[in-house]
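Notes for the structure review
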Amino acid sequence: PGKPTLYGSLTCRGLSPEGTPEISASEGFLVGEVTKKSILLSCPHENVSTKFLAPYTTFSRIHQKSITCLDISSGGGLGVSASTDGTMKIWQAANGEIRRLLEGHVSDVNCCRFFPSGLVVLSGGMDAQLKIWSAEDASCVVTFKGHKGGILDTAIVDRGRNVLSCSRDGTACLWDCGKSSCLGIITDCGSPVNGIAVGTADNSLNLGTPEKAPSEREVGTEGKILLLAREDRKLQGVGLQSRQPIFLFTGSDAFNCCTFLSSSYLLAGTQDGNIYQLDVRNTNIPIQIIHRSGAPVLSLLPYRDGFIASQGDGTSFVVQQDLDYVLDLTEPDCDPVYKVASWEKQIYTCCRDGIVRRYQLSNL
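Residues numbered from 1 in each chain as written. Predicted model: local features only at pLDDT ≥ 70, side-chain atom pairs only at ≥ 80, totals over all residues. Heavy atoms only, no water.

**Considering the overall build of the protein chain**
Scanning the protein chain for helices and strands turns up 0 helices and 33 strands. Relative to a compact globule of 364 residues, whose C-alpha radius of gyration would be 21 Å, the protein chain shows 21 Å and is just as compact. Taken along its principal axes, the extent of the C-alpha atoms in the protein chain is 70 × 45 × 30 Å. Scored against the burial criterion, the 364 residues of the protein chain give a buried share of 50%. Total accessible area on the protein chain is roughly 16500 Å²; 47% of this is exposed by carbon and sulfur atoms. (Helix = DSSP H or I, 4+ residues; strand = E, 2+ residues; numbered from the N terminus. Rg over C-alpha atoms; globule rule 2.2 N^0.38 Å. Buried < 20%, exposed > 50% of the residue type's maximum accessible area, 1.4 Å probe, protein only. Areas by Shrake-Rupley, 256 points an atom, 1.4 Å probe, with all protein chains shown as cover.)

**Notes on the pattern of salt bridges**
For side chains of opposite charge, pairing can occur when their charged atoms come near one another. All told, the structure shown has 13 salt bridges when counted by the stated rule. Note that E331 is salt-bridged to R357, the shortest N-O span being 3.0 Å. In this pair, E331 is assigned in the loop between β30 (326-329) and β31 (337-343) and R357 in strand β33 (residues 356-360), connecting sequence segments 26 residues apart. With a relative accessible area of 3%, R357 lands in the buried category. (Salt bridge = Lys/Arg side-chain N within 4 Å of Asp/Glu carboxyl O.)

**Things to note about the UniProt feature "repeat: WD" (unreviewed entry) in the protein chain**
Per the UniProt record, "repeat: WD" (unreviewed entry) is annotated on residues 60-101, 102-143 and 144-176. Between the first and last C-alpha atoms of residues 102-143 the distance is 13 Å; the span itself is 0% helix and 55% strand. Secondary structure content for residues 144-176 is 0% helix and 64% strand, while the C-alpha to C-alpha distance between its ends is 9 Å. (UniProt positions renumbered as here; feature names shortened; annotations may be inferred.)

**What to know about the packing of aromatic side chains**
Counting across every chain of the model gives 6 aromatic pairs. Ring geometry for W91 versus Y348: centroids 6.3 Å apart, planes at 50°, classification tilted. Of this pair, W91 sits in strand β9 (residues 88-92) while Y348 sits in strand β32 (residues 346-351), and the two are 257 residues apart along the sequence. For W91, a relative accessible area of 0% puts it in the buried group. (Phe/Tyr/Trp six-rings, centres within 6.5 Å; stacked < 30°, edge-to-face > 60°.)

**Concerning the sheet that holds strand β13 (residues 129-134)**
The strand order across the open sheet formed by 4 strands is β11-β12-β13-β14, and the pairing between neighbours is antiparallel. Two strands bound the open sheet, and with one partner strand each, they are β11 (109-114) and β14 (140-145). Going across the sheet, the axis of each strand differs from the next one's by a mean of 15°, ignoring polarity. The sheet contact formed by β11 and strand β12 (residues 120-125) spans 5 bridges and is antiparallel. Bridge assignment links R113 to a residue of β12, and that residue is L122. (Pairing = 2+ DSSP bridges. Axes fitted to C-alpha atoms, helices over the stretch in contact; angles between N-to-C directions.)

**Topic: the domain arrangement of the protein chain**
The domains assigned to the protein chain are domain 1 (10-49) and domain 2 (59-314 + 333-360). Once you take the C-alpha centre of each, domain 1 and domain 2 turn out to be 37 Å apart. (Domains from an automatic or database assignment.)

**Here we look at the state of the cysteines**
All told, the structure shown has 0 disulfides when counted by the stated rule. Lacking any disulfide linkage, C69 is separated from the closest cysteine sulfur, that of C112, by 4.1 Å. Free of any disulfide, C111 has its nearest cysteine sulfur in C69, 6.2 Å distant. Owing to a relative accessible area of 3%, C111 belongs among the buried residues under this scheme. (Disulfide = S-S within 2.5 Å.)

**Considering the pairing of strand β22 (residues 245-250)**
Sheet analysis places strand β21 (residues 234-239) next to β22, joined by 5 bridges and oriented antiparallel. Following the sheet pairing, Q236 is matched in β22 by L248. Linking two consecutive strands that pair antiparallel, namely β21 and β22, is a turn of 5 residues; a positive phi of about 65° is found at R243 within it.

**Side note on the side chain of N274**
Relative to the helices and strands, N274 is located in strand β25 (residues 274-279). Given a relative accessible area of 11%, N274 falls into the buried group. Separated by 2.8 Å, the side chains of N274 and S252 make a polar contact. Dropping the residues within four chain positions of it, N274 is found in contact with S252, A268, G269, I289, I290, H291 and V297. (Polar contact = N/O pair within 3.5 Å; in protein donor to acceptor, adjacent residues only side chain to side chain. Contact = heavy atoms within 4.5 Å.)

**With respect to the environment of C43**
Looking at the element boundaries, C43 is found in strand β4 (residues 38-43). The exposure class of C43 is buried, given its relative accessible area of 6%. A sequence separation of 25 residues divides C43 from E18, and the C-alpha atoms of the two residues are 27 Å apart. Contact partners of C43, with chain neighbours within four places excluded, come to L6, G28, F29 and V48.

Laid out in structure tokens, this is it:
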């Protein structure tokens, strides 16, 4: 920001005998390693470099319309996705072959994720319902009702005896899967909660004391902190068991998503393109603010020593602490990339163009 933009061009001069493009760059830019799937480009004067990576494969037949959310099972074998075509599907992660159709929500499904077992799926929709599904036979085993607005995000506590949801109604709720009941409203902040994340808090953090003894049905909430990405430009931290506020950080615009990098560090992305890295022990001043474009930050995911982010202008990128360059995941062009998921060295993205893309990070 504040500096003139540097423009350059790449020229393909043909293919090598191995079928790899031979590429040169205009003055001020350097082309490094080129493979059939990637180009390493740097600008020495600004000391920046980026590797552009094409998808290893794409799945275009899973849904007919925009794919709003996806997740990959803990074993890497299955994917689940939700679409504006009103369907939710389970598919083979390797080839996109559809295995199950999950039907039961009324209207759009906003979020879906696998439980740690990889055999069960949690979903939330605009119908204000939270549902649990069997990935094996596509049956809906539990439906939670209680929110007064569409459910925008979910989180799973430990192995999944308890789950969390957040909604346009401004609340975040804790649910007991075994008895399909609400264990309590964790917080009611009076503004839509766009995203949540749960993590184990740093030992030095005071998470507060519950006003009354927790239910015996509440499992794994001790020592956990709940992050809430709010529409009113606030990022909030709440003690999951105590229900006590831990911090309240004000950003530059509505917060869309949040995640933990560790017990101390967290990330949150805003509608105007900022990614804030904060230390939960002192949230007064961000550790850093990453701003690559003014497009909304739509999803954040911890990955190895860094993270993956996706934005509303079609960009997805991987930032690694031990690498001196950013890895750009190409191809969606200008369609928003709504969600990223990963399994080992594979990254999956879902997009408004209705395509799931799988990237292979073999060299990291």
